[in-house]
Amino acid sequence: MSASILGLGCSRLGSTLSGCGGAAAEALLRHALDAGVTLFDTANIYGQGESERLIGRALAGRRDEVTIVTKAGQRFTATQRVVALAKSPLRQLVHRLPGLRGAIASRRAAPLPRDYSSAHLQGAVEASLRRLRIERIDLFLLHSPSAEAIRQGAPFELLDRLVQAGKLRAWGISCDDGAAAREALRLPSVAALQLPLDVAQAMRPALTQAAGQGIGLMLREIFAGQAGDAAARAAALRAALQFERSVALVGTTSARHLDEAVEAARSITSPPSRPLETSA
């Protein structure tokens, strides 16, 4: 499997707050691919599944050109599931009522329930395949398990069976901290990790060793706190791309911002693509 050194983070596509949905989101996805971005990172909870649907519609017919990464393991509360049914009118109200935007953002910041059971993940994979309109997920990630959850044995045997069945090409773990990442690196079948850049920098030796063993790395939250500083963003991107076997995820709904990141990446490193993981 190979992927461009930049990936598009799609967490805001289809979101009530982002305002980037429908035709605008699909145009952004196609623009990214035309610009050379071939990895698209999403999750079953992003936009209550709408992010995956947008990717499925926008990239239909270009499946062979892209690497699709999705995640599962976080669940909505009953209240959030009810609110999702009123998503369209909520999107309109958010623009009229600033207080509503703040209330939604505050609720979203709260931790979501986790479920890494085989039953939940099996259903999540099947649902993602339908929304993405694909027959196989290139890379499936457990979504933010704790170190303890990994030690307890999240259903890794199930994930291996899904690889053997052709539902997944490979699987990995999206980690929020170093403790979870270190536990993930002990797993024999893990193909890739996703980490915040600051966490990766704190454990560079372990990740360098992992890269030598064929484990890919996706770095997120690269531009955290640097929205208005182009020089700082370029430095952060350079730091991310110095890791071996790495892909830098850029989460944006702006084609202009994406183009700036693409040009910055081209000036930093070559070739334009880099292996994400070794062939199974």
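Keep in mind that what you see is a predicted model, and the values were worked out from it rather than measured. (Residues numbered from 1 in each chain as written. Predicted model: local features only at pLDDT ≥ 70, side-chain atom pairs only at ≥ 80, totals over all residues. Heavy atoms only, no water.)

Remarks on the overall build of the protein
- What the protein contains, in helices and strands, is 13 helices and 10 strands.
- When burial is assessed residue by residue, the protein has 52% of its 280 residues classed as buried.
- A separation of at least 24 residues holds for 76% of the contacts in the protein among residues at least 6 apart in sequence.
- For the protein, the accessible area works out to roughly 12,600 Å², and carbon and sulfur atoms hold 51% of it. (Helix = DSSP H or I, 4+ residues; strand = E, 2+ residues; numbered from the N terminus. Buried < 20%, exposed > 50% of the residue type's maximum accessible area, 1.4 Å probe, protein only. Contact = heavy atoms within 4.5 Å. Areas by Shrake-Rupley, 256 points an atom, 1.4 Å probe, with all protein chains shown as cover.)

Quick look at the pattern of salt bridges
- Per the counting criterion, the structure on display carries 19 salt bridges.
- Look at the salt bridges and you will find they share partners, linking Glu26, Arg30, Glu50, Arg53 and Arg57 into a network. (Salt bridge = Lys/Arg side-chain N within 4 Å of Asp/Glu carboxyl O.)

A short note on the packing of aromatic side chains
- Counting across every chain of the model gives 1 aromatic pair.
- The interplanar angle of 10 degrees and the centroid separation of 5.3 Å between the aromatic rings of Phe156 and Trp171 together place this pair among those described as stacked. Taken together, the residues span a long stretch of sequence, with Phe156 in helix α8 (residues 156-164) and Trp171 in strand β6 (residues 168-174) at a distance of 15 residues. Across the pair, exposure class does not vary: Phe156 and Trp171 are buried alike.
- For Arg204, the ring lying beneath its charged end belongs to Phe243, and the centroid distance is 4.0 Å. (Phe/Tyr/Trp six-rings, centres within 6.5 Å; stacked < 30°, edge-to-face > 60°. Lys NZ or Arg CZ within 6 Å of the ring centre and 35° of its normal.)

Digging into the packing of helix α1 (residues 22-34) against helix α2 (residues 50-58)
- The interhelical angle for the contact between α1 and α2, taken along N-to-C directions, is 60 degrees, at an axis separation of 9 Å. As far as their axial angle goes, α2 and α1 are oblique. Judged by the twist between their axes, the crossing of α1 over α2 is right-handed. On α2, the residues that touch Gly22, Ala25, Glu26, Leu29 and Arg30 of α1 are Leu54, Ile55, Arg57 and Ala58.
- Of the residues contributing to the contact of α1 with α2, the split by class is 5 nonpolar, 1 polar and 3 charged. (Axes fitted to C-alpha atoms, helices over the stretch in contact; angles between N-to-C directions. Parallel < 35°, antiparallel > 145°, perpendicular 65-115°, else oblique. Left-handed = near helix turned anticlockwise from the far one by under 90°. Nonpolar A, V, L, I, M, F, W, Y, C, P; charged D, E, K, R; others polar.)

Overview of the side chain of Glu26
- Residue placement: Glu26 occurs in helix α1.
- The class of Glu26 is buried, set by a relative accessible area of 15%.
- Apart from residues lying up to four places away in sequence, Glu26 is in contact with Leu54, Arg57 and Ala58.

Considerations on helix α6 (residues 118-132)
- With 15 residues, α6 should reach 21 Å at 1.5 Å per residue; the first-to-last C-alpha distance of 21 Å fits that figure.
- Among the residues making up α6, those that are buried are His120, Leu121, Ala124, Val125, Ala127, Ser128, Leu129, Arg131 and Leu132.
- Elements that come into contact with the buried residues of α6 comprise α2, β4 (67-72), β5 (137-143), α8 and β6. (Expected span 1.5 Å × (residues − 1).)

Here we look at the nonpolar core
- Counting 70 residues, the largest nonpolar core has Leu29, Phe40, Ile173 and Leu195 as its most contacted members.
- Residue contacts for Leu195: discarding those within four places in its chain leaves Cys175, Asp177, Ala181, Ala200, Met203, Leu207, Leu217, Met218, Leu219 and Arg220.
- Among the nonpolar cores identified, the runner-up in size contains 11 residues, and Ala3, Val69, Leu141 and Val247 belong to it. (Core = buried A, V, L, I, M, F, W, Y, C linked by side-chain atoms within 4.5 Å.)

Notes on the side chain of Thr67
- Structurally, Thr67 can be placed in strand β4.
- According to the relative accessible area criterion, Thr67 is buried, its value standing at 5%.
- Here the side chain of Thr67 touches Ser2 through a polar contact of 3.1 Å, landing on its backbone oxygen. (Polar contact = N/O pair within 3.5 Å; in protein donor to acceptor, adjacent residues only side chain to side chain.)

Quick word on the pairing of β5
- With respect to burial, β5 is a largely interior element, 7 of its 7 residues being buried.
- Alignment of β4 against β5, held across 4 bridges, turns out to be parallel. Considered in β5, the bridge of Lys71 is made with Leu141.
- For β5 and β6, the ladder comprises 6 bridges, and the chain directions are parallel. Looking at the pairing, Leu139 lines up with Ala170 of β6. (Pairing = 2+ DSSP bridges.)

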